[in-house]
Amino acid sequence: MVMCLCLFQDIAGHVPAFFVLLFPYSFLMIRFKDVSLRLGNKQLLKNFNLRIAKGDKVLLAAQSGSGKTSLLRLILGFIDSDSGQLFYKKKAISPESIQKIRSQMAYLSQDVDFPNGKVRDVFQEIFQFDSNKHVAYSEEKLLEKLRAFDLPEALLTKNTSIISGGERQRLGWALIQLLDRPVLLLDEPTSAMDEKQKQRFIDYVAQTRKTVICVSHDPAWQIPEMKVITNLIT
Amino acid sequence: MNAATIPISGLVFGLLLIAPSILLIWWFRLGINKQLLVSVVRMLVQLSFVALYLKYIFLLDHILVNLAYILLMVLFAAHSGIRSSSLRLKKLLVPTFIAMLLPTLATLLYFNWAIVQLEHIFQADVLIPVAGLMLGNTLKSNIVALKTFFNSIRKEEKTYCFLLGNGASKQEAARPFMKEAIRMAMAPNLATMATVGLVSLPGVMTGQILGGSDPVLAVKYQIMVMVIIFFNSLLSNVLQLFFAIRQGFNKSDQLDKSLLDQG
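Residues numbered from 1 in each chain as written. Chains lettered and ligands numbered in written order. Predicted model: local features only at pLDDT ≥ 70, side-chain atom pairs only at ≥ 80, totals over all residues. Heavy atoms only, no water.

Some details on the overall build of chain A
Stage number 1. A tally of regular secondary structure across chain A gives 7 helices and 9 strands.
Stage number 2. Per-residue burial over chain A gives 53% buried out of 234 residues.
Stage number 3. A fraction of 68% describes how many contacts in chain A between residues 6 or more apart in sequence connect residues 24 or more apart.
Stage number 4. Accessible surface for chain A amounts to roughly 10,500 Å². Of this, 51% is attributable to carbon and sulfur atoms. (Helix = DSSP H or I, 4+ residues; strand = E, 2+ residues; numbered from the N terminus. Buried < 20%, exposed > 50% of the residue type's maximum accessible area, 1.4 Å probe, protein only. Contact = heavy atoms within 4.5 Å. Areas by Shrake-Rupley, 256 points an atom, 1.4 Å probe, with all protein chains shown as cover.)

Structure (structure tokens):
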């Protein structure tokens, strides 16, 4: 079975719905076309097809070990598919285009793998990357986010390697909100949070106009705004 | 002052010390007598050759011969460096060679021209021993730098990817690992500088004093040598890692694991 999802209803408020219906492909953000992927001796994807339109929220809730994380890694060009092609805004994802495509995305890996260093310095360094320089970042803005996410200010001078999983995840959210990219790729982004914190980020995703692909087992993420995919290999 | 010479009889007495070593090893069944003999013979042959050709190279003292000799030293250093870092030789040999050659040549000429202020800056009996000193140290620190870089980026590939996924270029995402690699590689140099003279007398100084130099001059040389070794290793590390970042990843910035697989 080939899976094909065309999801446009969510961009209401962004572009008039009739416009989208007339030209559905103009708002295509990410497309998997007949993508197959094998890791080790496990066939994770076979002729996998998926279209994600601008503003879509996709929840990958397939069982663990089924290649959900690999799906995100394929989009980011961290791994290559065995066959098939991925597209970002109708352009093939290739070594030539990958840097530009990455600069459109923000990514939370499962453990939010910040490099070693004081939180303050790590953020400073990330916002000094060439493709992040245009973002108006200041420590004050980071502090605002820390306060908003119930994180202590003292976190600024703590080393990223000693902060707890829940704190890392909230710091990750602070990062992607400050980066303000059109596409968010989230891998189990609330797994170490309590209910209240989790709900805050689910609500954020529900109302954002950004395109979001989220990997999570947590049923709390299965909200009406999300298109849920439970089966990758068919 | 002249160095106290070692007469032939002295050499014989010295080598006689190997006999009780063999006895001790045999007595305690250490099982390394064969290795000991092989090592001693190798040392004798290799160093005799060095004595012979250095004597002629110093006598000849021709700029091209001296430079060719240094090129060979760098080539051997680069080769053995890559081999002992258990990375793939082929792809990294040329960059390692360049990363060692360029800083070494520059530092060497600076040493001869500005520090020792030689009239003839390619003078063999300064150029070659100092090159040897620098290369030995640079080699060690380059190995540490390369190993640390590739091991840590492989171990923490998730961090590398996390940075790539949040706007970093390959160079930017590799920077934390580059920093760590340089810090690790330079740490022994720092430690040596900080403790020099406390525990043992360093090699250059000892050699010069035995060779009949005034201790003050010997100390001056020692200080200068430590400074140029530090500078040279650092520069070489930076170049080496710069090349490693260029060559160690594919076009999509993924770590090229084929570089690491083979011993």
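Back to the text.
Regarding the overall build of chain B
Stage number 1. Across its full length, chain B carries 11 helices and 0 strands.
Stage number 2. Counting from the amino terminus, chain B carries its helices and strands in the arrangement α-α-α-α-α-α-α-α-α-α-α.
Stage number 3. For chain B, the C-alpha atoms occupy an extent of roughly 70 × 55 × 40 Å along the three principal directions.
Stage number 4. Scored against the burial criterion, the 263 residues of chain B give a buried share of 40%.
Stage number 5. Put simply, 70% of the contacts in chain B that link residues at least 6 apart link residues at least 24 apart.

Regarding the interface of chain A and chain B
Stage number 1. If you look at the interface, chain A gives 32 residues, while chain B gives 21 residues.
Stage number 2. Summing the contributions of chain A and of chain B, the shared interface buries around 2,000 Å²; its carbon and sulfur component is 52%.
Stage number 3. Between chain A and chain B we count 3 salt bridges in total.
Stage number 4. Summed over the shared surface of chain A and chain B, the number is 11 residue pairs in polar contact (both at pLDDT 80 or more).
Stage number 5. Of all elements in the fold, only α3 (98-102), β6 (105-108), α4 (119-126) and α6 (165-179) of chain A reach the threshold of two or more residues within the side of chain A that touches chain B.
Stage number 6. A per-element tally of the side of chain A that touches chain B places β6 of chain A first, with 4 residues. (Buried area = accessible area lost by both parts, 1.4 Å probe. Salt bridge = Lys/Arg side-chain N within 4 Å of Asp/Glu carboxyl O. Polar contact = N/O pair within 3.5 Å; in protein donor to acceptor, adjacent residues only side chain to side chain.)

Some remarks on the pattern of salt bridges
Stage number 1. A full pass over the atoms with the stated rule returns 13 salt bridges over all chains.
Stage number 2. Between Lys 158 of chain B and Asp 111 of chain A there is a salt bridge, and its shortest N-O distance comes to 3.6 Å. Within this pair, whereas Lys 158 of chain B is found in helix α7 (residues 157-164), its partner Asp 111 of chain A is found in the loop between β6 and α4, the two belonging to separate chains.
Stage number 3. Here Asp 150 of chain A ties to Lys 196 of chain A by a salt bridge, and the two come within 3.4 Å at their closest N and O atoms. Taken as a pair, Asp 150 of chain A in the loop between α5 (139-148) and α6 and Lys 196 of chain A in helix α7 (residues 195-207) lie far apart in primary sequence, 46 residues in all.
Stage number 4. For Asp 150 of chain A, a relative accessible area of 43% translates into the label partly exposed.
Stage number 5. For Lys 196 of chain A, a relative accessible area of 59% corresponds to the exposed category.
Stage number 6. One network of salt bridges, with partners in common, ties together Glu 140, Arg 147 and Glu 153 of chain A.

Topic: the environment of Gln 197 of chain A
Stage number 1. Tracing the backbone shows Gln 197 of chain A in helix α7.
Stage number 2. When the C-alpha atoms of Gln 197 of chain A and Glu 153 of chain A are compared, they prove to be 17 Å apart, with 44 residues separating the residues in sequence.

Remarks on the pairing of strand β2 (residues 42-53) of chain A
Residues and elements named next belong to chain A.
Stage number 1. In terms of strand pairing, strand β1 (residues 28-39) meets β2 through 8 bridges, oriented antiparallel. What sits directly across from Arg 31, in β2, is Arg 51.
Stage number 2. Here β1 folds back onto β2 in antiparallel fashion, the turn holding 2 residues, of which Gly 40 has a positive phi close to 65°. (Pairing = 2+ DSSP bridges.)

Things to note about the nonpolar core
Stage number 1. Of all hydrophobic cores here, the largest spans 103 residues; its most connected members are Phe 32, Phe 123 and Trp 173 of chain A together with Phe 149 and Phe 150 of chain B.
Stage number 2. Not counting residues up to four positions away in its chain, the partners in contact with Phe 32 of chain A are Phe 48, Asn 49, Leu 50, Leu 71, Leu 74, Ile 75, Gln 85 and Leu 86 of chain A. (Core = buried A, V, L, I, M, F, W, Y, C linked by side-chain atoms within 4.5 Å.)

Considerations on a nonpolar patch on the surface
Stage number 1. A surface patch of nonpolar side chains, amounting to about 910 Å² of accessible area, comprises Leu 15, Val 41, Leu 44, Val 45, Phe 49, Leu 52, Tyr 53, Tyr 56 and Leu 59 of chain B.
Stage number 2. Ranked by residue count, the leading element in the nonpolar patch is helix α3 (residues 33-60) of chain B, at 8 residues. (Patch = residues over 30% accessible without salt bridge, like charges linked within 9 Å, V, L, I, M, F, W, Y side chains within 5 Å.)

Structural notes on the environment of Gln 177 of chain A
Residue and element names in this part refer to chain A.
Stage number 1. Tracing the sequence through the fold places Gln 177 in helix α6.
Stage number 2. The class for Gln 177 is buried, based on a relative accessible area of 16%.
Stage number 3. The spatial distance from the C-alpha of Gln 177 to the C-alpha of Lys 145 is 8.6 Å, given a sequence separation of 32 residues.
Stage number 4. Other than its neighbours up to four places away in sequence, Gln 177 contacts Lys 145, Phe 149, Phe 201 and Tyr 204.
Stage number 5. There is a polar contact of 2.9 Å between the side chain of Gln 177 and the side chain of Lys 145.

Considering the sheet that holds strand β9 (residues 227-229) of chain A
Residue and element names in this part refer to chain A.
Stage number 1. Strand order in the open sheet formed by 5 strands is β6-β7-β8-β3-β9, with parallel pairing between adjacent strands. Edge positions in the open sheet fall to β6 and β9, since each of these has one partner strand only. Pairwise comparison of adjacent strand axes, ignoring direction, gives a mean angle of 15° for this sheet.
Stage number 2. Along the sheet, helix α2 (residues 68-75) makes contact with β3 (57-60), β6, β7 (183-187) and β8 (211-215), crossing β7 at roughly 150°. (Axes fitted to C-alpha atoms, helices over the stretch in contact; angles between N-to-C directions.)

Thoughts on the packing of α4 of chain A against α6 of chain A
Residues and elements named next belong to chain A.
Stage number 1. Remark: α4 packs on α6, axes separated minimally by 12 Å, with the N-to-C direction vectors making an angle of 30°. Here α6 runs roughly parallel to α4, going by the angle between their axes. Considering only the axes of α4 and α6, their crossing is right-handed. Residue-level contacts link Val 119, Phe 123 and Ile 126 of α4 to Leu 171, Leu 175 and Leu 178 of α6.
Stage number 2. In the contact of α4 with α6, the residues fall into 6 nonpolar, no polar and no charged. (Parallel < 35°, antiparallel > 145°, perpendicular 65-115°, else oblique. Left-handed = near helix turned anticlockwise from the far one by under 90°. Nonpolar A, V, L, I, M, F, W, Y, C, P; charged D, E, K, R; others polar.)

Section: unusual backbone geometry
Stage number 1. Located in the positive-phi region is Asp 34 of chain A, a residue other than glycine, with phi close to 50°.
Stage number 2. What makes Asp 34 of chain A partly exposed here is its relative accessible area of 35%.

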